[in-house]
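What the coordinates show
Each chain, written out:
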Amino acid sequence: MKKIIRVLAAVLCMVMVSVCFFGCSREVESTPVEPENFRITAYIVADRIDDTFDPSNLDRVTDIILIGNADYDEQGNVVLSDTFENELGVLRQYITDQNLYLNILGPATQSESDDWNEQMYDLADRNTAAFESGNLEGAIKEVLDAYDFDGVFFDYEFPLRDKDWDAFDKFIISLNEVLGDEYKIGMSMVGWNLKQSEEAMEVTDLFEVMSYDLWDDEGYHATTDIAKNDIELFVEAGYDKAKLDLGVPFYARPTTEEAYWYDYKDYYDNLTEDGLYEDKELGLTFSFNTYDVIKEKTQYALENGVGGMMVWHYSCDVPADNENSLFGAMDSAKQEAIANKG
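These numbers were taken from a predicted model, which means no experiment stands behind them.

**Here we look at the packing of helix α8 (residues 291-303) against helix α9 (residues 326-341)**
At their nearest, the axes of α8 and α9 sit 8 Å apart, and the two run at 35 degrees to each other. Crossing of α8 against α9: the hand is right-handed. The segment α8 lies against α9, with Tyr291, Ile294, Lys295, Thr298, Gln299 and Leu302 engaging Leu326, Gly328, Ala329, Met330, Ser332, Ala333, Lys334, Glu336 and Ala337. Among the residues making up the contact of α8 with α9, the classes are represented as eight nonpolar, four polar and three charged.

Right under this line is the structure:
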């Protein structure tokens, strides 16, 4: 009898392991991506569209996400900044055949708590109010229609609770019904917080993988290993790799993880081989992604079926004629993949 019980226990254990394994992983077969269709997506921050804006790298970009001059409030109204039309007009002067998307930011947290989770809960409550207003879907379509965008993106990064995800998912599904096939829906996401429903995942067209503001044990910012791990997390959660853009930082963070951000273009010629810059005045060491690291990440994405790369953000790079251009690193990897295909 004891032998039978032990056998049954072993069988049950194997079943539980199988259930856990298959239940936790939703990996799907990925749609193949040809190198010539590989996306180079860049966020362009509205307040950088001024007299210093450098359009020289736009020829290397396939998709543009305009961010920083459009919001939605808790009542589901889309609010455009006073400078929106001027910034969009300047940007359109330089656009040829790139897809242009509008990122619409939601209500900011008004929590007075020092606790990050409490701030995020307040943020979620305010966004959920907008999602459940019944107004936001139509308001977004009106803006996309009026200004001839190719779609809308959301930068709602940290819905922590299940109910927050549920509200976001239902809204995305509803928005897809309103927009139909005419417009694409995209969102920025982090690998450690993937709770999107399968239906919402299916109707979302593009996912920007924010593989930055993360450090390894030695303090290096946004390493290649971190990027690979993020892509694996998305794949294990059931995302089609062809819908993913691997996000890379064109800026540095300190090895101490403190709240400083340095543009690559201001420091690229003073970096160590490992991409470090020592700010003696602050007493901090900043960790950049170098040309070689960006090219390595792009090659990884191309070789592993990822749909593209994403840059935060466009104006941090040097001009296109500079041999150290990070967009140049991406383009080099892409052109080599196209040539090798033949």
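**A closer look at the nonpolar core**
Soluble globular proteins tend to pack their nonpolar side chains together in the buried interior. Grouped together as the largest cluster of nonpolar side chains are 102 residues, with contacts concentrated most on Leu91, Ile140, Phe154, Phe168, Phe171, Tyr239 and Phe250. Top contributing element to this core by residue count: helix α5 (residues 162-179), with seven residues. Non-local contacts of Ile140, meaning those with residues more than four positions away in its chain, are made with Val78, Ile104, Val152, Phe154, Phe171 and Leu175.

**Looking at unusual backbone geometry**
The step from Trp312 to His313 runs through a cis peptide bond, and the omega angle for that step is -10 degrees. Notably, Asp148 is not glycine yet its phi reads approximately 60 degrees, a positive angle. Considering the arrangement of structural elements, one finds Asp148 in the loop between α4 (136-147) and β6 (151-154). The backbone of Asp213 sits at a positive phi, close to 60 degrees, despite the residue not being glycine. Secondary-structure assignment places Asp213 in the loop between β8 (206-209) and α7 (224-236).

Thresholds, definitions, all that
- Positions within a chain are numbered from 1, following the residues in the order the chain's sequence is written.
- Local features in a predicted model are, by the rule used here, given only for residues with pLDDT of at least 70; side-chain atom pairs are given and counted only at 80 or more, and totals for whole chains, interfaces and linings are based on all residues.
- Each side-chain value is worked out from all heavy atoms of the structure, with water and hydrogens disregarded.
- Throughout, an axis means a line fitted to C-alpha atoms (over the contacting stretch in the case of helices), and angles, computed between N-to-C directions, take values from 0 to 180 degrees.
- Put simply, DSSP H or I for four residues or longer makes a helix, DSSP E for two residues or longer makes a strand, and each gets a number counted from the N terminus.
- Take the far helix as your reference; a near helix turned counterclockwise from it by less than a right angle gives a left-handed crossing, and one turned clockwise gives a right-handed crossing.
- Contacts were defined at the residue level, with two residues in contact if any of their heavy atoms lie within 4.5 Å.
- Polarity classes work like this: nonpolar for Ala, Val, Leu, Ile, Met, Phe, Trp, Tyr, Cys and Pro, charged for Asp, Glu, Lys and Arg, and polar for all others, with Gly in that last group.
- In this text, buried Ala, Val, Leu, Ile, Met, Phe, Trp, Tyr and Cys residues form a nonpolar core when linked through side-chain atoms within 4.5 Å.
- Working definition: with a 1.4 Å probe on protein chains only, accessible area under 20% of the residue-type maximum means buried, over 50% means exposed, and in between means partly exposed.

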